[in-house]
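Remarks on the overall topology
Spelled out from the first residue to the last, the chains are:
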Amino acid sequence: MLNLSSFSTSPLVFTLFILLFLVIILIMVALHEAGHMMAAKMFKIPVKEFSVGVGKKIWTKKKGETEYNLRMLPLGGFVRIEDPVEEDEDGNKRTVEERSLLSHISPWKRIVVFFAGPLVNLVLAFVILVPSVMSFEVVPHPSTSVKSVNECVLETDVCPAQDAGILPGDRLVSINGQSIDDYESIDEAKQKSDHLNIVIDRNGETVNKSVTLDDSKMIGIVMDTENKKATFEEANTAFVNMNTLVFQSIASLPERLFPAVMDKVTGKEPAVDAPGSIVKAGRTYGEIGITEGITGEDKLFQIILMTSGLNLSLGIFNLIPLLPLDGGRIMVAFIDVFRGLWAKITRWKYSPLSYKAFSIMTWICIIPIGVAFVTLIIADIMEIIWDIARAF
């Protein structure tokens, strides 16, 4: 729900964070398209245009065969790669749309070209997330400080720590002469003896306590946690977990879409994991900016997490084998691979998938994808309207 009280005092900050979001999206898409372009140039496939943004050109420069453009609306970008073969088998001049299929380019080269864009986003997500998790103190680890002490309620309860006079906030220094560095060292000391001589740091004062354990080996304390920088292994695990989360979120999108839209349109509170559009993502960036009670470092880390997640979402979503997504173009290339193999086995004359068949497949896929995206955008706008209405 939109925090209107914070927004009313920080509209400029809210707007600046949304602008930051738009810049990040523009860079993500530009790098995605640059991945396609670089792969095409590697195979010497003509790249006619590389544009950042859409709409009217506001800056243009031609270098070699490629025209580089900056366009008016920062809502994405595109790269125009063309098949160098200008005529079909009958000698007819091929249209720009037909040449954009890259039908006369080796299917394996096409697979590399179309996979390069999503790959850039996946690599970006890794490069953004892993070093950040290793640089910020965000990973909770058990500390040597006592968070709480179990209290005896019944006479049969065994509460060694309470009986010994251990208090919340005490920091365990050593047990039976063994230095305590983490929870594992506490556990190790418990396994060696049932009689524990515990040295405690209590507000800078050294206190000695004696604890006798029963068969449960429980001291009766809950250790506090402290945030530390992640190791490389922990950072990699975080990246794998984020990949899994994004993949599951995309896979379950069809079943979660309708309930989420209905909740947002009718003014109900949507589920925490409800899918959202670019409107929801931009709003989240703005809300991070105006959230009170957290440090600038925490806000920066949240922006980093969001940006890494957006790159993963863009990369994984584009690999779905539906046209006109990159995964769909890769699927078409694989179809041509099998058509070519079948032609060799049966001595059938090979020809790549026709532009007509490609167009039909594209429209079959693009209509439901487009409807879903537009519906989500409308639903997210309606959710904002309901939040504003509830505030007044």
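The structure reproduced in this document is the subject of the present report. (Residues numbered from 1 in each chain as written. Predicted model: local features only at pLDDT ≥ 70, side-chain atom pairs only at ≥ 80, totals over all residues. Heavy atoms only, no water.)

Section: the overall build of the protein chain
Test applied: A run of DSSP states H or I qualifies as a helix once it reaches four residues; a run of E qualifies as a strand once it reaches two. Both are numbered from the N-terminal end. Only the C-alpha atoms count toward the radius of gyration. The rule for a globule is 2.2 Å times the residue count to the power 0.38. Partly exposed residues are those whose accessible area sits between 20% and 50% of the maximum for their type, while under 20% is buried and over 50% is exposed, using a 1.4 Å probe and protein chains only. Each accessible area value is a Shrake-Rupley result obtained with a 1.4 Å probe; residue values ignore everything except the protein chains displayed when judging cover. Lys and Arg are tallied as positive, Asp and Glu as negative. Neither His nor the chain termini are counted. To locate a charge, take NZ of a lysine, CZ of an arginine, CG of an aspartate or CD of a glutamate.
Counting secondary structure elements, the protein chain contains twelve helices and eight strands. Computed over C-alpha atoms, the radius of gyration of the protein chain comes to 29 Å, more than 25% over the 21 Å expected from 2.2 N^0.38 for 392 residues, which places it beyond the range of a compact globule. Among the 392 residues that make up the protein chain, the fraction classed as buried is 40%. Counting every atom, the protein chain has about 22200 Å² of accessible surface; 64% of that belongs to carbon and sulfur. Separation of charge centres in the protein chain, based on 37 positive and 46 negative side chains, amounts to 15 Å.

Overview of unusual backbone geometry
Here the amide bond leading from L323 into P324 is cis, since omega sits at 5°, within 30 degrees of zero. Inspection of the secondary structure puts P324 in the loop between α10 (296-318) and α11 (326-346). The backbone of N176 sits at a positive phi, close to 50°, despite the residue not being glycine. By secondary structure assignment, the location of N176 is in the loop between β4 (171-175) and β5 (178-179). For N203, which is not a glycine, the phi torsion comes out positive at approximately 55°. Structurally, N203 is set in the loop between β6 (195-202) and β7 (205-212). Take N203: its relative accessible area is 81%, and that puts it in the exposed class.

Here's the deal with the packing of aromatic side chains
The description of two aromatic rings rests on the distance between their centres and on the angle between their planes. Counted only if it meets this: Each aromatic pair joins two rings of Phe, Tyr and Trp (for Trp, the six-membered one) with centres within 6.5 Å, and gets the label stacked for planes under 30 degrees apart, edge-to-face for over 60, and tilted for any other angle.
Under the definition given, this model contains six aromatic pairs. Ring centres of F126 and F239 lie 5.1 Å apart, and the angle between their planes is 85°; this geometry places the pair in the edge-to-face category. Remark: F239 occurs in helix α7 (residues 232-251) and F126 occurs in helix α4 (residues 107-135); sequence separation between them is 113 residues. Note on F126: relative accessible area 29%, which makes it partly exposed. With centroids separated by 5.3 Å and ring planes inclined at 50°, the aromatic side chains of F136 and F301 adopt a geometry described as tilted. A residue pair is termed long-range when its members are at least 10 positions apart, and F136 in the loop between α4 and β3 (137-149) and F301 in helix α10 qualify at 165 residues. Exposure class is identical for F136 and F301. Each is buried.

Observations concerning the pattern of salt bridges
Two side chains bearing opposite charge may form a pair once their charged atoms approach each other closely. Heads up, the condition is: A carboxyl oxygen of Asp or Glu within 4 Å of a side-chain nitrogen of Lys or Arg is what we treat as a salt bridge.
Scanning the entire structure with this criterion turns up 13 salt bridges. Between R171 and D201 there is a salt bridge whose closest N-O contact spans 3.3 Å. One end of the pair, R171, is in strand β4; the other, D201, is in strand β6, and 30 residues separate them in sequence. When salt bridges with common partners are traced through the structure, they connect E49, R71, R80 and E82 into a single cluster.

So, the side chain of D380
Just so we agree on the cut-off: Whether two residues touch is decided by their heavy atoms; if any such pair falls within 4.5 Å, the residues are in contact.
Following the sequence through the fold, D380 ends up in helix α12 (residues 355-391). Sequence-distant contacts of D380, defined by excluding residues within four places in its chain, comprise K264, G276, S277, V279 and K280.

Some remarks on the pairing of β6
To keep it simple, the criterion reads: Two strands pair under a simple rule: DSSP has to find at least two bridges between them.
Sheet topology note: the β4/β6 ladder contains four bridges and is antiparallel. The residue bridging R171 from the neighbouring strand is D201, located in β6. Hairpin connection between β6 and β7: a loop of two residues separates the two successive antiparallel strands, and N203 in this loop has a positive phi of roughly 55°.

A word on the side chain of H32
Rules: Residues adjacent in sequence count toward polar contacts only when both atoms are side-chain atoms; beyond that, a polar contact is any pair of N or O atoms within 3.5 Å, and within protein one must be able to donate a hydrogen and the other to accept it.
Tracing the backbone through its elements, the reader meets H32 in helix α2 (residues 11-42). Its relative accessible area of 4% is what places H32 among the buried residues. Separated by 2.9 Å, the side chains of H32 and D326 make a polar contact. In contact with H32, not counting residues within four places along its chain, are G117, P118, V120, N121, L314, N318 and D326.

Regarding a nonpolar patch on the surface
Note the cut-off: Patches here are clusters of residues that have more than 30% relative accessible area and form no salt bridge, with a 9 Å joining cutoff for like charges and a 5 Å cutoff for nonpolar side chains (Val, Leu, Ile, Met, Phe, Trp, Tyr).
Side chains of I58, W59, L70, M72, L73 and L75 sit close together on the surface and give an oily, nonpolar patch of about 610 Å² of accessible area. Looking at the nonpolar patch, the elements with two or more residues in it are β1 (47-63) and β2 (66-81). Counting residues per element, the nonpolar patch draws most heavily on β2, at four residues. By the element assignment, L73 lies in strand β2.

Quick notes on the packing of α7 against helix α8 (residues 253-266)
The following threshold applies: What counts as an axis is a line fitted to C-alpha atoms, over the stretch in contact for a helix, and the angles between N-to-C directions run from 0 to 180 degrees. In these notes the angle categories are as follows: under 35 degrees is roughly parallel, over 145 is roughly antiparallel, 65 to 115 is roughly perpendicular, and the rest is oblique. All amino acids are sorted into three groups, where Ala, Val, Leu, Ile, Met, Phe, Trp, Tyr, Cys and Pro are nonpolar, Asp, Glu, Lys and Arg are charged, and the leftover types, Gly among them, are polar.
Close contact between α7 and α8 brings their axes to 6 Å; oriented N to C, the two are set at 65°. On the basis of their axis angle, the class for α7 and α8 is roughly perpendicular. Counting all contacts with α7, which are made through S249, I250 and A251, the residues of α8 involved are L253, P254 and R256. Among the residues forming the contact of α7 with α8, the class breakdown is four nonpolar, one polar and one charged.

Examining the packing of α4 against α11
Packed helices, taken two at a time, are described by the angle between their axes plus the distance between the axes. Spelled out, the test is: Two helices crossing with the near one rotated counterclockwise from the far one by less than a right angle form a left-handed crossing, whereas a clockwise rotation gives a right-handed crossing.
The N-to-C vectors of α4 and α11 enclose an angle of 165°; their axes lie 9 Å apart at closest approach. Considering their axes alone, α4 and α11 lie roughly antiparallel with respect to each other. For the element pair α4 and α11, the recorded crossing hand is left-handed. Contacts from P107, W108, R110, I111, F114, F115 and P118 of α4 reach α11 at D326, R329, I330, V332, A333, F334, D336 and V337. Residue composition of the contact of α4 with α11, by class: eleven nonpolar, no polar and four charged.

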